[in-house]
Structures are given as C-alpha cells and as structure tokens.
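Each chain, letter by letter, is given below.
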Amino acid sequence: MSETPPPSLDKKEVNWLSRILKLVFILLAFFLVGITVLFNMGGNSDSLKSSVQNFTSELFHGRPTEVDKLVYMSFFPRLGFDAEGIKVLSSIDEGYNIVEIGKIQVFMGFWDVAFRNPRVKQFYIGEFKAIKGAVGAKEFYIEKIFIDHDVENNAARLSGNGEIGDNPWAFNIDIEVSGSKGEYKYILKNIADFTFNVADISTKGTFIAHEDGYFKFENFEIISEDIEFNGDLTLSALGKKMLKLKGAITSKGSDNPLSPDLIFNYTKSPVKIDGVISSNSSKQDIADAKNILLILEKLRDIVGYEAAKKDEDSYDWAALFDFSAVKITNTQEQE
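Analysis parameters
Residues numbered from 1 in each chain as written. Predicted model: local features only at pLDDT ≥ 70, side-chain atom pairs only at ≥ 80, totals over all residues. Heavy atoms only, no water. Helix = DSSP H or I, 4+ residues; strand = E, 2+ residues; numbered from the N terminus. Buried < 20%, exposed > 50% of the residue type's maximum accessible area, 1.4 Å probe, protein only. Contact = heavy atoms within 4.5 Å. Areas by Shrake-Rupley, 256 points an atom, 1.4 Å probe, with all protein chains shown as cover. Polar contact = N/O pair within 3.5 Å; in protein donor to acceptor, adjacent residues only side chain to side chain. pLDDT = per-residue confidence, 0-100. Core = buried A, V, L, I, M, F, W, Y, C linked by side-chain atoms within 4.5 Å. Phe/Tyr/Trp six-rings, centres within 6.5 Å; stacked < 30°, edge-to-face > 60°. Lys NZ or Arg CZ within 6 Å of the ring centre and 35° of its normal. Salt bridge = Lys/Arg side-chain N within 4 Å of Asp/Glu carboxyl O. Expected span 1.5 Å × (residues − 1). Pairing = 2+ DSSP bridges.

(A) Looking closely at the overall build of the chain. Helix and strand counts for the chain stand at five helices and 18 strands. Looking at the chain residue by residue over its 335 residues, the buried ones come to 31%. Sequence separation of 24 or more characterises 37% of the internal contacts of the chain that already satisfy a separation of 6 or more. Carbon and sulfur atoms form 56% of the exposed surface of the chain, whose accessible area is close to 21,200 Å².

Below is the structure:
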C-alpha cells in the first residue's frame, strides 16, 4: 500500500515566507549595525564636548556655556556623560561666570531610556556654584548630590548638601535599587522616607507619589527651635501652573489640627494663594497659625526674600507669595 505524499507548499506561500525571512534578516542587520555605531560613537571628542555645552546651555535659557573637560560620553550600552569644569556665562563677549559646576556624571541604561524606564546607573553633581540671581536671590552652592548605596543591606538613598547664602542645607530620600554588582540601577520610590534640613529648620517624613497623580507628605515633622509641627499634606495639580494643598497640621502638645485648603496660582507674580486655613476654636490654634507663618517667614529669609512684619497679625509676602486672600476660619463658630 503506497503512502500519500505530503502536500506541497503553494508557490505563493513560499514567496511570502521568503519575503518575511528577508525582511527579518534586513531588520536584524540594520539593528546590529545601529548598535555597533552607537557603541563606537562614545568618547571625548570636541564634537561631543560641544553637544554637552549645547545641552547645558538649553538648561540655562540659551546662555553661552563652556566645558573644560569631557571625561567621557557614551550612547551604548550606557547613555550619558561625565564632564568637569562646566561654566555658564552671563554673555558671549567678556561674560562672567554665573554658574560653575565642578563635576557632573549622569548615566542611564540605553534600553531603559528606549523603553521609558527612567532608572539611573550613575548620578553625581559636585561643586555647583551659582551667583545671586542665577538660581535664586542668594548664592546657591551644592557640595555634592550623589547616590549613597549600602550594598550590604541592599538599600540606597539620594543624598546632598550645600549652602544657600550662609545657611547650610542637606537632604536624604530613599530610592529603589535593582540589578546586581556592576549593573545596579536606581529610581525614586513611590513611597520614600526623606529628611530635609536648612539652617535651624529640620523636616522629615514619608513622600508618596500616588498612582492617581497626586503627592502626599505623610507623618511629616517640622522643627525649628521651640516650634514643632506634624501632620499630613496632599499636593495635587488643578491645571497648568495651579496646585492645591490640603491636609492637617498639629502643633506639639495640641490635639486640634489646622486644616489648610489652599490653591497656589503660579500664573501670577508673585504667586497668588487663595483658600482657607480652618481650625477649632481656641487661642492655641491662632498661635499655631502664627507659628506656621513664622516658619514660612524663616524659609523666605533663608532663600533671600526679606519679609517685613507689618503688624501683629499680618505679614508682607509680596516678594515671594501673596497670602492676602488666605483666611483663618473657626469651624466651631460656623456650626
């Protein structure tokens, strides 16, 4: 009994299969060539140095920029650069330095960038100096911002310190670690503990980047001399250049929280703030509200905007914030 021969492929099917294989081969060839080109594009040539200068210039609104040394720039398998002696000038002709950066090092994985997965492999900024008016009303200095990785405990945080004028500042915030030795990657956590200290004001708490698009500062503490507050604050966007701040703030030794419900309008200059700070009926609440303003006044003075106290119950915030529309209400009297 003879066997039935297997069905033969139709010529059209053969042609389509051949075309698909050719297309796959061509795409693979282009891919390999592209990767090879990217791998060999790195270095520290003058053209690559110019690209770092142009990138920095764009960050500072097109001001002329100089780079003393490009240590290295790469495109694959890491994307980023390592540069030293970056200067941002006031003008092209006989300009003076308004910003100086001793060293900056930023690298991300090529595939992380390609697939929009913003994980950093290396990050460091050192000896950043800005004159008055360049990034604020006072001189601003960064000694260093870096990734502090405790390999033994597999924990990392982004840390930094420096000065605003004569006032020291420092911060830490937890970051997520992935990868293994030599290939560690870092990204800010959605829920991260943080500390921030400036002059005699210290702050700590938990920062939450919620999936619904708002930010929350949970269980935070603010301490300045004998003033101490804790609570929760939520920050959300109402639209372009408008933010809403809600939450509850309680002073040490008090059971009655202050409840801010404020809108920051950044389309105005100074920033216009509208809303209500509500509280239960007590003299302590009024004193707490004044203490909050005292801390804000300190912060305002630290960053270089002089706050003039006009009378016992009001402050001149015109240089930085306009609090004229903010009211302190008594929830018990409204009942």
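There is more to say after this.
(B) Structural detail: the environment of I277. When you line up the elements, I277 lands in strand β15 (residues 271–279). A sequence separation of 19 residues divides I277 from L258, and the C-alpha atoms of the two residues are 6.5 Å apart.

(C) Representation of the side chain of R119 in the model. By secondary structure assignment, the location of R119 is in the loop between α3 (110–114) and β4 (120–130). Looking at R119, its side chain comes within polar contact range of the side chain of E176, at 3.3 Å. R119 has contacts with M108, G109, D112, E176, S178, K185, Y186 and I187, leaving out every residue within four places of it along the chain.

(D) Spatial organisation of the confidence of the model for the chain. In the predicted model, the chain carries a mean pLDDT of 80, and the fraction of residues at 70 or more is 76%. Here residues 307–325 scores under 50 on pLDDT; set against residues more than four positions off or in separate chains, the count is 45 contacts. Here residues 331–335 is a poorly scored stretch, pLDDT under 50, and it has six contacts once near neighbours within four places are set aside; other chains count.

(E) A look at the nonpolar core. Counting 52 residues, the largest nonpolar core has A83 and V99 as the members making the most contacts within it. Those residues in contact with V99 that sit more than four places away from it in its chain are F60, I86, K87, V88, F128, K129, A130 and A134.

(F) Spatial organisation of the packing of aromatic side chains. On inspection of all chains with the given rule, the structure shows seven aromatic pairs. Judged by centre distance (6.2 Å) and plane angle (70°), the rings of F128 and F140 are edge-to-face. Residue F128 is located in strand β4, and its partner F140 is located in strand β5 (residues 140–150); the two are separated by twelve residues in the primary sequence. The class for F128 is buried, based on a relative accessible area of 11%. F140 gets classed as partly exposed once you look at its relative accessible area, which sits at 23%. Through a chain of ring-to-ring contacts, the aromatic side chains of F128, F140, W169 and F171 assemble into a single cluster. Just above the ring of F107 sits the side chain of R78; from NZ or CZ to the centre is 4.1 Å.

(G) Region of the structure containing the pattern of salt bridges. By the definition in use, this model includes 13 salt bridges. The partner of D82 in a salt bridge is K103, with the nearest N and O atoms 2.8 Å apart. Taken as a pair, D82 in strand β2 (residues 78–89) and K103 in strand β3 (residues 97–109) lie far apart in primary sequence, 21 residues in all.

(H) Structural detail: unusual backbone geometry. A cis geometry characterises the amide bond from F76 onward to P77, with omega recorded as 0°. Secondary-structure assignment places P77 in the loop between β1 (65–74) and β2. A positive phi is found at E127, a non-glycine position, where the angle reads about 55°. Considering the arrangement of structural elements, one finds E127 in strand β4. Of note in this structure, E225 is not a glycine but carries a positive phi near 55°. Considering the arrangement of structural elements, one finds E225 in the loop between β11 (215–224) and β12 (227–239).

(I) Looking closely at the side chain of D112. Relative to the helices and strands, D112 resides in helix α3. A residue is classified by how much of its surface remains accessible, and D112, at 8% relative accessible area, is buried. A distance of 3.2 Å separates the side chain of D112 from the side chain of K185, its partner in a polar contact. Not counting the four nearest positions on each side in its chain, D112 is found in contact with N117, P118, R119 and K185.

(J) Molecular detail of helix α2 (residues 46–59). End to end, α2 covers 20 Å across 14 residues, agreeing with the expected 20 Å (1.5 Å per residue, within 8%). Here α2 has its buried residues at L48, V52, T56 and S57. The inward-facing, buried residues of α2 contact β1 and β2. Taken from the residues just after α2, H61 is the one with a positive phi, measuring 60°.

(K) Quick peek at the pairing of strand β10 (residues 201–209). Pairing analysis gives eight bridges linking strand β9 (residues 191–198) to β10, with the strands arranged antiparallel. Counterpart to F196 in the pairing with β10 is T203. In textbook terms, the turn of a hairpin is the stretch between consecutive antiparallel strands, and for β9 and β10 this stretch comprises two residues, one of which, A199, has a positive phi near 55°. Direction of pairing for β10 relative to β11: antiparallel, over a ladder of eight bridges. Looking at the pairing, F207 lines up with F217 of β11.

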